[in-house]
Amino acid sequence: MAAAAAEAEVDSCLQSFELYEAESKFYILGTNSNKTIWRLLKIDRMEPSELNVDEDSTVHSQSDYLDMLKNLDEEHRSTGGVKFVTNCFGIIGFIKFLGPYYMLIITEQRKIGDIFGHPVYQVTKTAMIELSNSKSRPKLINSKDENRYKKLLQIIDLRKDFFFSHSYHIMRSLQKNFNDPQEGWELYDTMFVWNEFLTRGVRDILKTTLWTVALVYGFFKQDKFAICGKDIMLTLIARRSRHYAGTRYLKRGVNEEGRVANDVETEQIVYENMLGPWQISSVVQNRGSIPLFWSQETSKLNLKPDIILHEKDKNYEATRLHFENLRKRYGNPIIILNLIKTLEKRPREIILRWEFDRAIKIINSGLPGEDHLRFLHWDLHKNSQSKSTNALQVLLKVAFEALNMTEFFYCQVSPDQRAKGSPNLSPTLKIGFGHHACDDKNCGNADYVDDLDDISQEDTCGSSDPGNGIAEDKFEVNGSAQIKRPKFQKGVLRTNCIDCLDRTNVAQYAYGLAALGHQLHALGSVESPEVHLDSPLSRHLMHFYERMGDTLALQYGGSAAHNKIFSAKRGHLKFAIQSQEFFRTLQRYYSNAYMDAYKQAAINLFLGYFQPQVGKPALWEPESGDEHVLDDETCKLMKRARSDGSILNKSKLSISSNGPNGILKLAFTGSKNEGQRPNRSSDTACDNGMSKSRSKAISTPDVNISTDSGVRDVISGTTDDQASGIHAQGFSKDFVQWLNQGEAFWY
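Quantities reported herein were computed from a predicted structural model and do not represent experimental measurements. In this convention, every chain numbers its residues from 1, walking through the sequence in written order. Reporting of local features is limited, given that this is a predicted model, to residues whose pLDDT is at least 70; pairs of side-chain atoms are given and counted only at 80 or more, and all residues count toward the totals for whole chains, interfaces and linings. Based on all heavy atoms of the structure, the side-chain values leave hydrogens and waters out of the count.

Chemist: What is the right way to read the overall build of the protein from this model?
Modeler: The helix and strand inventory of the protein stands at 18 helices and 25 strands. The buried share of the protein, taken over its 747 residues, is 59%. Shrake-Rupley sampling with a 1.4 Å probe provides the accessible areas, and residues are treated as covered by the protein chains on show and by no other component. Total accessible area on the protein is roughly 30,600 Å²; 47% of this is exposed by carbon and sulfur atoms. Under the scheme used here, helices are H or I runs from DSSP no shorter than 4 residues and strands are E runs no shorter than 2 residues, and both carry numbers assigned from the N terminus. In this scheme, a residue with accessible area under 20% of its type's maximum is buried, one over 50% is exposed, and one in between is partly exposed, where area comes from a 1.4 Å probe on protein chains only.

Chemist: I tried to follow the pattern of salt bridges on my own but got confused; where do I start?
Modeler: Charged atoms that come close allow side chains of opposite charge to pair. Salt bridges are counted wherever a side-chain nitrogen of Lys or Arg sits within 4 Å of a carboxyl oxygen of Asp or Glu. For the coordinates displayed, the defined rule picks out 18 salt bridges. Between Glu 21 and Arg 45 there is a salt bridge, with its nearest N and O atoms 3.0 Å apart. With Glu 21 in strand E1 (residues 16–21) and Arg 45 in the loop between strand E3 (37–44) and strand E4 (53–55), the pair connects residues that are 24 residues apart, well separated along the chain. With a shortest N-O distance of 2.8 Å, Glu 196 and Arg 200 are connected by a salt bridge. Of this pair, Glu 196 and Arg 200 both sit in helix H5 (residues 196–206), 4 residues apart, which is roughly one turn of the helix. By relative accessible area, Arg 200 is classed as partly exposed at 37%. Bridged by salt links that share partners, the residues Asp 189, Glu 196, Arg 200, Arg 203 and Arg 242 form one connected network.

Chemist: Hey, could you run me through the packing of helix H9 (residues 391–406) against helix H11 (residues 502–522) in this one?
Modeler: In a packed pair of helices, the relevant descriptors are the angle between the two axes and the axis-to-axis distance. For helices, the fitted axis covers only the stretch in contact; all axes are lines through C-alpha atoms, and the angles between them, taken along N-to-C directions, range from 0 to 180 degrees. The contact between H9 and H11 brings their axes to 8 Å, and the two run at 55°. Accordingly, the angle class assigned to the pair H9 and H11 is oblique. In the crossing of H9 with H11, the sense of the turn from one axis to the other is right-handed. Across the interface between the two elements, Leu 392, Leu 395, Leu 396, Ala 399, Phe 400, Ala 402, Leu 403 and Thr 406 of H9 pack against Val 506, Ala 507, Tyr 509, Ala 510, Tyr 511, Leu 513, Ala 514, Ala 515 and His 518 of H11. Each residue is assigned to one class: nonpolar for Ala, Val, Leu, Ile, Met, Phe, Trp, Tyr, Cys and Pro, charged for Asp, Glu, Lys and Arg, and polar for all the others, Gly among them. Split by residue class, the contact of H9 with H11 holds 15 nonpolar, 2 polar and no charged. With respect to orientation, any angle under 35 degrees is reported as roughly parallel, any angle over 145 as roughly antiparallel, any angle of 65 to 115 as roughly perpendicular, and every other angle as oblique. Here a crossing is taken to be left-handed if its near helix is turned anticlockwise relative to the far helix by less than a right angle, and right-handed if that turn runs clockwise. Whether two residues are in contact is decided by their heavy atoms, any of which lying within 4.5 Å being enough.

Chemist: Could you clarify how one ought to interpret the side chain of Ser 289 in this entry?
Modeler: Along the polypeptide, Ser 289 turns up in the loop between strand E14 (278–287) and strand E15 (294–295). Polar contacts here mean pairs of N or O atoms no more than 3.5 Å apart (in protein, one a potential hydrogen donor and the other a potential acceptor; neighbouring residues in sequence count only if both atoms are side-chain atoms). Side-chain polar atoms of Ser 289 contact the backbone nitrogen of Gly 253, separated by 2.9 Å. The residues contacting Ser 289, other than those within four sequence positions of it, are Arg 252, Gly 253, Val 260, Ala 261, Asn 262, Trp 294, Arg 494 and Cys 500.

Chemist: Teacher, can you tell me more about the nonpolar core here?
Modeler: Within soluble globular proteins, side chains that are nonpolar tend to cluster in buried spots. By size, the foremost hydrophobic cluster in this structure holds 79 residues, and its most contacted members are Leu 292, Leu 352 and Leu 395. Beyond its immediate sequence surroundings of up to four residues, Leu 292 is in contact with Gly 253, Val 254, Leu 309, Tyr 316, Thr 319, Leu 352, Glu 355, Phe 356 and Ala 359. Counting 35 residues, the second-largest nonpolar core is a separate cluster that includes Phe 97, Ile 106, Tyr 149 and Phe 197. Nonpolar core, defined: a set of buried Ala, Val, Leu, Ile, Met, Phe, Trp, Tyr and Cys residues in which side-chain atoms within 4.5 Å join the residues together.

Chemist: Quick question: what am I supposed to make of the pairing of E14 here?
Modeler: In the case of a regular strand, side chains alternate between the two sheet surfaces. Burial of E14 is extensive: 10 of the 10 residues sit out of reach of the surface. Burial along E14 is two-sided: Trp 278, Ile 280, Ser 282, Val 284 and Asn 286 facing one way and Gln 279, Ser 281, Val 283, Gln 285 and Arg 287 facing the other are all buried. Of the strand pairs in this sheet, strand E13 (residues 264–272) and E14 are connected by 8 bridges, and their pairing is antiparallel. When the bridges of E14 are listed, Tyr 271 appears paired with Ile 280. In terms of strand pairing, E14 meets strand E19 (residues 409–413) through 5 bridges, oriented antiparallel. Across the sheet, Ser 281 pairs through a bridge with Tyr 410, a residue of E19. Pairing between two strands requires that DSSP report at least two bridges joining them. With 2 bridges connecting them, E14 and strand E22 (residues 492–496) associate as parallel partners. Residue Arg 287 lies in a different strand from E22, and its bridge partner there is Thr 495.

Chemist: Explanation requested: the pairing of strand E7 (residues 91–96) in the structure shown.
Modeler: Among the 6 residues that make up E7, 5 are buried, leaving the element largely enclosed by the rest of the structure. With 5 bridges joining them, E7 and strand E8 (residues 101–115) adopt antiparallel strand pairing. Considered in E8, the bridge of Lys 96 is made with Tyr 101. Turn length for the E7-E8 hairpin, with the two strands adjacent in sequence and antiparallel, is 4 residues.

Chemist: Could you clarify how one ought to interpret the side chain of Asp 306 in this entry?
Modeler: Relative to the elements of secondary structure, Asp 306 occurs in the loop between E15 and strand E16 (308–309). Among the polar contacts made by the side chain of Asp 306, one reaches the side chain of Arg 346 at a distance of 3.0 Å.

Chemist: Mind showing me how you'd approach unusual backbone geometry here?
Modeler: Glycine aside, negative phi is the norm for most residues, and most peptide bonds take the trans geometry. Asn 332 connects to Pro 333 through a cis peptide bond whose omega is 0°. Its place among the elements puts Pro 333 in the loop between helix H6 (317–330) and strand E17 (334–338). In this structure, Phe 116 is a non-glycine residue whose phi angle is positive, near 55°. Here Phe 116 lies in the loop between E8 and strand E9 (118–130). The residue Lys 207 is not glycine, and still its phi comes out positive at about 55°. Structurally, Lys 207 can be placed in the loop between H5 and strand E11 (216–227).

Chemist: Help me out: how do you make sense of the confidence of the model for the protein in this one?
Modeler: Caution applies to low-pLDDT regions: their predicted coordinates should not be interpreted in detail. pLDDT runs from 0 to 100 and stands for how confident the predictor is about each residue. For the protein, per-residue confidence averages 75 on the pLDDT scale, and residues scoring 70 or more make up 65% of the total. Scored below 50 in pLDDT, residues 444–460 makes 55 contacts in the model with residues more than four places away or belonging to other chains. With pLDDT under 50 throughout, residues 742–747 is counted as low confidence; its partners more than four residues away or in other chains account for 23 contacts.

Chemist: Just to check I follow, could you spell out the environment of Ala 127 for this structure?
Modeler: For Ala 127, the location among the structural elements is in strand E9. Looking at Ala 127, the relative accessible area reads 12%, which means it is buried. Remark: the alpha-carbon pair of Ala 127 and Ile 91, spanning 36 residues in sequence, is separated by 9.9 Å.

Chemist: Please explain helix H12 (residues 536–556) as it appears in this structure.
Modeler: Working rule for helices: expected span equals 1.5 Å times residues minus one. The end-to-end C-alpha distance of H12, which contains 21 residues, comes to 31 Å, matching closely the 30 Å that a straight helix rising 1.5 Å per residue would cover. By the criterion of burial, H12 is predominantly enclosed, with 16 of the 21 residues buried.

Chemist: Please clarify how the packing of H6 against helix H7 (residues 349–365) should be interpreted in this entry.
Modeler: Running from amino to carboxyl end, H6 crosses H7 at an angle of 70°, the nearest separation of the two axes being 10 Å. By the criterion of interaxial angle, the relationship of H6 to H7 is roughly perpendicular. In terms of crossing hand, the pair formed by H6 and H7 is right-handed. When H6 is examined against H7, the residues Thr 319, Arg 320 and Phe 323 are found in contact with a partner set consisting of Phe 356, Ala 359 and Ile 363.

Spelled out as C-alpha cells, the structure:
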C-alpha cells in the first residue's frame, strides 16, 4: 500500500505544461508524465502590476482535456477566444521591475541523468512572458529603465549549469531526503534554490509547488562504469548557495549573517545498478570562502590586487555564525582544511591565514571539547611544487583521516520494499528500516558525457556477497531477504584556499577518491577501501572533478580552473601546462576587471537582493545603495548572444573603488624574510608607509584581543611560530605522528 501511495504521489506531479492566452487571462494546463491527470492555473492580465493567480481545485482526466479547452475558448469568444502560446516544462518564477509582472518559463529541457528513476534536467531554453496586454499595459514614464532591467536580467544565462528535477528534491542531499523527509512549498527556502525569490509570490498564494521548478545552480555529472561485472552509477553534484552569491572580487569572505562567498555543497552518490537490493551511498563535502571580513578591489592594472582585511568583527561573531550554520546542516565534527600559503616574500594570503587561525582558536575556546572545530593548515601551492612531495598522496591521507571522523551515508533497500517513484525516497527508509531519526548533533546533512569505459580491476574485486562490504547488523523486513541497517554521515570536511576554486578542487578530488573507495567497499564491489592514485578508477574520477572545477571556476572566477596538478598527473609537458595556465590567468583577469560587475548586478536582481521601485534610484545609480554601480562606459563593452525566447546571457562591469570604513592600511618595508608578520606598532607608521609606497600596501585590522585569561591562553603561541611544524588540531595521534615522521613539507 505504501508503494502504491508513493506511485500515486509521483503521478500527481506535473511535468509538462501548455500555455494559452486570452485577452484577460493566461491559462496553464499541467499534466503528469503519463498525461492521465490535468490541472488548470489561471493568471490575471487586467492588473499586471499585481500578481493574481488562481488554481482550479478540480483534477481533470485525459478525456476532460479537450472539453476544458473548448469551454475556455467559448468563455472568451467575445474577445477573440483562447490561443495556444507554447509548450513549457514549468514556471521559473515571476518578476516585476517598474511596470508589469513578467513570467519566466522553461520552454526546452534536456535530460542529463536520473536519481533512482527520477529524471534530472538541464534548462536549455527559456522565455519571458509579459502578463499585461495591449489594453492593460501601464504607460511607463521611464520605459528606458524598464528595458534596461530586462536586459540586465538576461545576463543570467539559465542555459548554463542550472538543473532541476520534477519529482526528486535535487536541492537536498540524499541523506537528508532519506532521513529528514519533507514535502511542500517550504522546500524552496533552502539555500540551494536559486529561484526562491522569483517563486515566492506564487508559492505564498497557492501554497504549492506543482507549477514551479526549483532551480539548482552548480554542476551535475553522471555516468556508469563496471567493476567486476557490476554496473555502478556515479553521480557528482555541486550546489552553489544563493546566500552571499556573486563573482570573485565582488563577493569575498563572510557577511554579517555568517554566509560566505562561493559556498558550495558537493555530493558524491554511488549505487549499484541491479535488479536485486539497491545499495546506495552518498558523501557530502563543502567549500567556501574564508569566513572573515576581507575583500580585494578589482584592478585593471594589477593581476593580484591587495587583500584587504576589515576591522568589523573583533570577536569573530560572523565567523562563529558560519560554523554554527555548518553544524546545523551537517552535525559534528566540522573539519577545516585550509590550503592557503604559509610563506610569501610579500605577505598576502598569509595575512588571512594568521587571522583565520586566531578566529578558530577563539571560537574553540568557548565550545565544549566535542564541538571543537578540527582544522589543518597546509600550503598546497608550495608543496605541489616540491619534487619530494606527492601532494595528491598527502591529500588522500588527509581525506581518509577525515572520513574516519565523519563516515558517510549508506543504505540498502530490498526489492520488495522499494517504493518506486517516491519524490524524496523517504518511503523506502520508512518501509525498509523504520524510523531512524538523527539528532541535530550527529546528522547532517553539467554536462552529460559518454559512458565511461569499463574498469577492469580483478585484484580489487570484492566478494559477490553484498554483505562483504560493510560490517553492519542485518535484519529481515516482513520475512524478505536480510538487509543491512543504514549508516549516516556525521559532520563534514570544509576546504578552502583563497578563491575556493583551483587548490580547493584538487583537495575535493582527493576526498572524493577516498570516499569512493569506502563507498565501493560498502557496496561489496572492492575488497579494500584503499584506492590507488594510478588506477583507472582514479583517472575516471579525476575527469569528474576536473569538469566540476572548470564549471565552478567559470561561474565565480570567469575562467576554467587552474589544473596544474591534474595536468602533471596526466603527463602533460611543462611548457604546455604553463601556456594553458597563463591563458586562463589572463581570461580570469579580463572577466574580473571588465565583466563581473554586470554579472553581480544581474545576480542581485535575479535573487531579489535588489528590487527596483518607482521613484527610487535605479540599480546603476550610486544613490541606489548597491555597492557595485554600473557605468555607461562599461555598458558599451557588454556582449550579448541571445537566442529567441531566452532570458539568459553574458555580461560585464566595474565596481566603485571606495572601500568601506574601518580598514587599517599597513606597509611592509624592507621585509626580506619569508612569512614575516606585519608590524602593528602604530597607525601613524601605517599611514606613512601608505603614502610612501602604495604598491607595498597590505591591509589588515589591528585586532584587539580580549584580556580574558581563557582567551589569552588560547592566543599564546597561535601564529608566530607556525612555520616550525605541523599546524593541526583535533586529529588522531596516529595521524599527527604520521605527519611528523619526516614530512618536512607540512606547515
